[in-house]
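Summary of the model geometry
Spelled out, the chains give:
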There are 2 protein chains.
Amino acid sequence: VNIHEADIPGIGHKFQIETRNQEKLVIIFHDDGRRELYLADKRNPDEMQFILQLDDDEARQLAGIIGGMSYIPKTL
Amino acid sequence: VNIHEADIPGIGHKFQIETRNQEKLVIIFHDDGRRELYLADKRNPDEMQFILQLDDDEARQLAGIIGGMSYIPKTL
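The notes below deal with the structure included here. (Residues numbered from 1 in each chain as written. Chains lettered and ligands numbered in written order. Predicted model: local features only at pLDDT ≥ 70, side-chain atom pairs only at ≥ 80, totals over all residues. Heavy atoms only, no water.)

Bringing the pairing of strand β2 (residues 12-18) of chain B into the picture now. Residues and elements named next belong to chain B. Across seven bridges, strand β1 (residues 2-8) lies against β2 in antiparallel orientation. Looking at β2, one finds that His4 is bridged to Gln16. Taking the residues that link successive antiparallel strands as the turn, the β1-β2 hairpin has three residues, and the phi of Gly10 there is positive, at about 85°. With seven bridges joining them, β2 and strand β3 (residues 24-30) adopt antiparallel strand pairing. Residue Lys14 lies in a different strand from β3, and its bridge partner there is Ile28. Connecting the antiparallel pair β2 and β3 is a turn made up of five residues, with Gln22 showing a positive phi of about 70°. (Pairing = 2+ DSSP bridges. Helix = DSSP H or I, 4+ residues; strand = E, 2+ residues; numbered from the N terminus.)

Superposition record for chain B on chain A: RMSD 0.0 Å, screw rotation 180°, translation along axis 0.0 Å. In short, the pair behaves as if placed about a two-fold rotation axis. Every residue of chain B has its C-alpha some distance from the rotation axis, and the shortest such distance is that of Ala63 of chain B, at 2.1 Å. In this assembly, 100% of the residues forming the interface of chain B have copies in chain A that are likewise at the interface, indicating an isologous arrangement. (Least-squares fit on C-alpha atoms with pLDDT ≥ 70 in both. Contact = heavy atoms within 4.5 Å.)

Here is the structure:
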């Protein structure tokens, strides 16, 4: 993955992530801990689609699931 | 968050996550470690939109970012 990050003054912090499969995800961290996830349109990368809003505790739970702390794939 | 999980024989494992903000996310774990993320359409929850495909290492990196291991929001 390709990761760019930057502060957004007055709002928080932004991560732009490009995956091996060429999906572009943007994660906005608000100063209060809330995260917003956006996905770029593959045909029009300036067009961002809102995906999810997560509170800090939800983001941590989701991170645990995605990261594989809860379920470990069989062949790994 | 509301979490349901189930094995998918021959494929892997599935998590269904409903957030406080009423978004429904599905994460499919393939046995080889690959994850696929889908989002349910709010008006038609049976309609799933493909969002992202992640290899195991990408999923772990993304989990670290979302979970706040990389950037900690200011007021937390």
